[in-house]
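So the chains spell out like this:
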Amino acid sequence: MVMLDHPPAPGWRRRARKPLIGLLVCLLLLCAASLAGVLWLQAKVESNLQRLPDTFTGLTDRPAKPTSGSAADAVNILVLGTDTRSDAPTTGAEAPGWVPGQARSDTMLLIHLDGDRRSASVISIPRDSWVDIPGHGKGKVNWAYSFGGPNLTVETVEKMTDVRIDHLATVDWGGFEALTDAIGGVDIDIPKTVYDSARDVRWEAGRHHLDGEQALLYVRQRHGLQDGDLDRVARQQAFLRTLLAQTLEQELRKNPDQVLDLIALFAKHASVDEDWSTTQMAKLAASLRNLRTNDISYLTVPTDGTGMVGDQSVVRLDPSRDRDLWRAVREDRMAAWADDNPDLLTPDVVR
């Protein structure tokens, strides 16, 4: 296959900006807050969040937004974790904004909130997925962010899924680490001893209590895992699920003030599209008040293994199963889809 553009060059020494899941954590934590707390939060979030201009500007032939049924009320949020070549913040109020070629979307999550708000789905798209990037030919899905920032990333994902993206957010690893430390760490079960040769870290089988720095090492590992990046994606989802279960269900519902403090903290590390107002966020938060962690499904878009295209190691998507998944998202049938496809859901304990 011919590429019309070259992938982002390895470049100079870089500090990896990892995901990712902190924004989703904070979004779901909002459902533990009172309406008064949400209104207070609007001011705190607005002063810290960086706005991403022109995220949806100029996009043509976009998937139609459903106008009737539960799908009309569903919300699809694309969350990106960036891998940058700069030591400076790339997301949050202190970030300068997207710079061509500076970063790739190292982690990509499509969050589907059901129209009735009784369930939600977190769908990971592997960063090496080999897809069509409008204007650039075939390439890895994470190149879109480097080539054209949030705008091209939205266009690429919409072309790939035929799912209308309602909002986009980007986050860096700083918010993830700060949030983990703020809640006192997270307990993770590792079923089998594994060694991360890239970072010289050995993870012994058993339960581990991870602080923010250790959590980053855990969710970033791919060397030494049987399925590499796919196992890393599964770790990220497992960590998110455990974090929510240990905090939202146990402690934060008893202490709404802590919820507000955590979200205000994380807002400093997040950037969102300029069309997503804090009023809309507050209304969405209020609509999630009855959502529980058991109502959230975690999965990776179905794949057909890995391979090589030239000198690029890629993930090949599974067209037939992918079609069914994205149709379920469009039609707001993800709860039923999850029941019918338990083999594609991320298990409680991962490698």
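The structure we're discussing is the one just above.
Everything numeric in this text was worked out from a predicted model, so none of it was measured.

S.K.: Provide a residue-level description of the environment of leucine 230, including the pertinent values.
M.R.: Relative to the helices and strands, leucine 230 resides in helix α6 (residues 229-247). In this structure leucine 230 comes out as partly exposed when scored by relative accessible area, which is 21%. Discounting chain neighbours no more than four positions away, the residues touching leucine 230 are Pro126 and Thr303.

S.K.: An account of empty space enclosed by the protein is needed here, citing residue identities and associated values.
M.R.: By the definition in use, this model includes four cavities of 30 Å³ or more. What the second largest cavity holds in volume is close to 80 Å³. What lines the second largest cavity is simply Asp106, Thr107, Met108, Leu109, Ser124, Ile125, Pro126, Arg127, Asp229, Arg232, Val233 and Gln236. For the lining of the second largest cavity, the secondary-structure elements that each account for two or more residues are β3 (103-113) and α6. Across the lining of the second largest cavity, the residue classes tally to five nonpolar, three polar and four charged.

S.K.: Describe helix α8 (residues 278-287), listing the residues and the values that go with them.
M.R.: Within the span of α8, buried status applies to Thr278, Met281, Ala282, Leu284 and Ala285. Burial along α8 is one-sided: seen end-on, the buried residues are contained in an arc of 165 degrees.

S.K.: Summarise helix α3 (residues 143-161); cite the residues concerned and give the values.
M.R.: Across its 19 residues, α3 extends only 17 Å between first and last C-alpha, which sits more than 12% below the 27 Å expected from 1.5 Å per residue. Maximal helix bending in α3 amounts to about 130 degrees, located at glycine 149; proline proline 150 follows within four positions. Within α3, 15 of the 19 residues are buried, which leaves the element mostly enclosed by the surrounding structure. In the segment just after α3, aspartate 162 is the residue with positive phi, at about 60 degrees.

S.K.: So what about the pattern of salt bridges? Which residues, and what values?
M.R.: By the definition in use, this model includes 16 salt bridges. Note that aspartate 132 and lysine 138 form a salt bridge whose closest N and O atoms lie 3.4 Å from each other. With relative accessibility at 49%, the residue aspartate 132 sits in the partly exposed group. The salt bridge partner of aspartate 162 is arginine 330, with a shortest N-O separation of 4.0 Å. Pair noted here: aspartate 162 is in the loop between α3 and β7 (167-171) and arginine 330 is in helix α9 (residues 319-330), with a separation of 168 residues, a long-range link.

Criteria and cut-off values
- Every residue gets a number counted from 1 within its own chain, in the order that chain's sequence is written.
- Reporting of local features is limited, given that this is a predicted model, to residues whose pLDDT is at least 70; pairs of side-chain atoms are given and counted only at 80 or more, and all residues count toward the totals for whole chains, interfaces and linings.
- Where side-chain values are given, they derive from all heavy atoms of the structure, hydrogens and water being excluded.
- For the purposes of this entry, the term helix denotes a DSSP run of H or I that reaches at least four residues, the term strand denotes a run of E that reaches at least two, and both are numbered from the N terminus.
- Each residue's exposure class comes from its accessible area (1.4 Å probe, protein chains only) as a fraction of the maximum for that residue type: buried when under 20%, exposed when over 50%, partly exposed otherwise.
- The contact criterion used is simple: two residues touch if any of their non-hydrogen atoms lie within 4.5 Å.
- Computed over the protein atoms alone on a 1 Å grid, cavities are sets of points where a 1.4 Å probe fits but cannot get out and pockets are open sets with protein on both sides within 12 Å along at least five of seven lines; a residue lines them when it has an atom within 4 Å of a point.
- Grid points are joined across faces, edges and corners, and a volume is the space filled by probe spheres set on the points.
- Residue polarity follows a fixed list, in which Ala, Val, Leu, Ile, Met, Phe, Trp, Tyr, Cys and Pro are nonpolar, Asp, Glu, Lys and Arg are charged, and the others, Gly among them, are polar.
- Working note: the arc is built from the helix axis to C-beta atom directions.
- The length a helix should cover is 1.5 Å for every residue beyond the first.
- Throughout, the bend at a residue refers to the angle made by two axes, fitted to the seven residues ending there and to the seven starting there.
- Here, a salt bridge means any side-chain nitrogen of Lys or Arg that lies within 4 Å of a carboxyl oxygen of Asp or Glu.

Any functional reading would require information that these geometric values do not contain.
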